[in-house]
Amino acid sequence: MSGFFRSMAFKKCMLILIWGVTLFAVGFGISFYRGVGKKYDLVQEVPIKEISVEGLADGTYTGEYTYETLYAKVSVIVKGEEIKKITLDQFETEKGEDAVDIINSIEESQSVMVDDISGATDSSRVIKLAVMNALEH
């Protein structure tokens, strides 16, 4: 039996087994990564509706939105029927840190109907949805 373990046939079997397990692991990893990406992209299907501060009393309005592992909590200061300042109180993202810049766009345009930040579209969307929730109450 000890001759079998030293034989070329055993070495070939082990090499084939190792390659098979490696290829399976790589294939599984790729499909898992693609599946996770598609799951997060579903936040893009959540409708964004235009906000209106018309008729809102002056004050600070808070809103939050969670999607999978993405989370944003905002405080929106309204004065004179205008958004004066948006503060991102809490923000959890995986790789969309640049989405924070969308706050300036929302303040300047007085609208959530602004373009998402390139490379951080899902996180941008979560921030816009949190602002929407703050001003819908």
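We now turn to the structure provided with this report. (Residues numbered from 1 in each chain as written. Predicted model: local features only at pLDDT ≥ 70, side-chain atom pairs only at ≥ 80, totals over all residues. Heavy atoms only, no water.)

This part is about helix α3 (residues 102-109). For α3, the complete set of buried residues consists of I102, I103, I106 and E107. For α3, the buried positions fall inside an angular range of 140° around the axis, keeping them on one side. Elements in contact with the buried residues of α3: β3 (83-92) and α4 (121-136). Looking one or two residues beyond α3, the residue adopting positive phi is Q110, at roughly 55°. (Buried < 20%, exposed > 50% of the residue type's maximum accessible area, 1.4 Å probe, protein only. Helix = DSSP H or I, 4+ residues; strand = E, 2+ residues; numbered from the N terminus. Arc of directions from axis to C-beta. Contact = heavy atoms within 4.5 Å.)

Judged by nonpolar contacts, the single largest core of 31 residues is most densely connected at V76, I86, V131 and L135. Of all the secondary structure elements, the ones that give two or more residues to this core are β1 (59-67), β2 (70-78), β3, α3 and α4. A total of eight residues in this core trace back to one element, the largest contributor, which is α4. (Core = buried A, V, L, I, M, F, W, Y, C linked by side-chain atoms within 4.5 Å.)

The next point concerns the pattern of salt bridges. According to the stated counting rule, one finds three salt bridges in the structure shown. One salt bridge connects E136 with K49, and the closest N-O pair in it is separated by 3.7 Å. Highlighted residues: E136 in helix α4 and K49 in the loop between α2 (8-41) and β1, separated in sequence by 87 residues. A relative accessible area of 45% means that E136 is categorised as partly exposed. Ionic pairing is found between K128 and D116, a salt bridge with its closest N-O pair at 2.7 Å. (Salt bridge = Lys/Arg side-chain N within 4 Å of Asp/Glu carboxyl O.)

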